[in-house]
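# Chains, contacts and geometry: an overview
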Amino acid sequence: MFDTSEWDGEGLHPTLIEVDRPVLVDGLQAFFGAGGALMTGVPLGIRTAGFRVDPWMPARQRLWLRVRDGSWLGGLELEGRSSNGYSRIPMQLWLPPTAFVLPSQHWH
């Protein structure tokens, strides 16, 4: 969970809004192209046990954080998984709204 205890987001113009909703993260945008390269020459152990970056990854949005230029960042929780599914790691991401969508906005 995000610790927001030290952030004063109240006032005339709130800067922190709590939400709780499922989203889909654009994995290639969120992780800056990681996972999109050819795997030629990558050892099999890394291919099977490395962090899996998919084009769309399920996550949960917990927060909106206002940036001083007026834009917003989404505070998201994502469970990172290895390609073979044996390893998992909880991840907290701060992403611009262009890097994730509601499941109803995603076209298959």
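Structure's up top.
Read on for an overview of the structure. Only a predicted model underlies this, so the values are computations on that prediction, with no experimental measurement involved.

### Considering the packing of aromatic side chains
- Summed over the entire model, instances satisfying the criterion amount to four aromatic pairs.
- Seen in terms of ring centroids, Phe31 and Phe51 are 5.2 Å apart; in terms of plane orientation they differ by 75°. Their pairing is edge-to-face. Of this pair, Phe31 sits in the loop between helix H1 (27-30) and helix H2 (44-49) while Phe51 is found in the loop between H2 and strand E2 (56-66), placing the two residues 20 residues apart along the sequence.
- With a centroid separation of 6.3 Å and an interplanar angle of 75°, the aromatic rings of Trp64 and Trp72 are classed as edge-to-face.
- With a relative accessible area of 23%, Trp72 lands in the partly exposed category.
- Taken together, Trp64, Trp72 and Phe100 form an aromatic cluster joined through their ring pairs.

### Observations regarding the sheet that holds strand E1 (residues 16-26)
- Spatially, E4-E3-E2-E1-E5 is the arrangement adopted by the five strands of the open sheet, whose pairing is antiparallel. Bordering the open sheet on either side are strand E4 (88-95) and strand E5 (100-101), each of which pairs with just one other strand.
- Pairing of E1 with E2 involves nine bridges; the strand directions are antiparallel. When the bridges of E2 are listed, Asp26 appears paired with Trp56.

Criteria and cut-off values
Residues numbered from 1 in each chain as written. Predicted model: local features only at pLDDT ≥ 70, side-chain atom pairs only at ≥ 80, totals over all residues. Heavy atoms only, no water. Phe/Tyr/Trp six-rings, centres within 6.5 Å; stacked < 30°, edge-to-face > 60°. Helix = DSSP H or I, 4+ residues; strand = E, 2+ residues; numbered from the N terminus. Buried < 20%, exposed > 50% of the residue type's maximum accessible area, 1.4 Å probe, protein only. Pairing = 2+ DSSP bridges.

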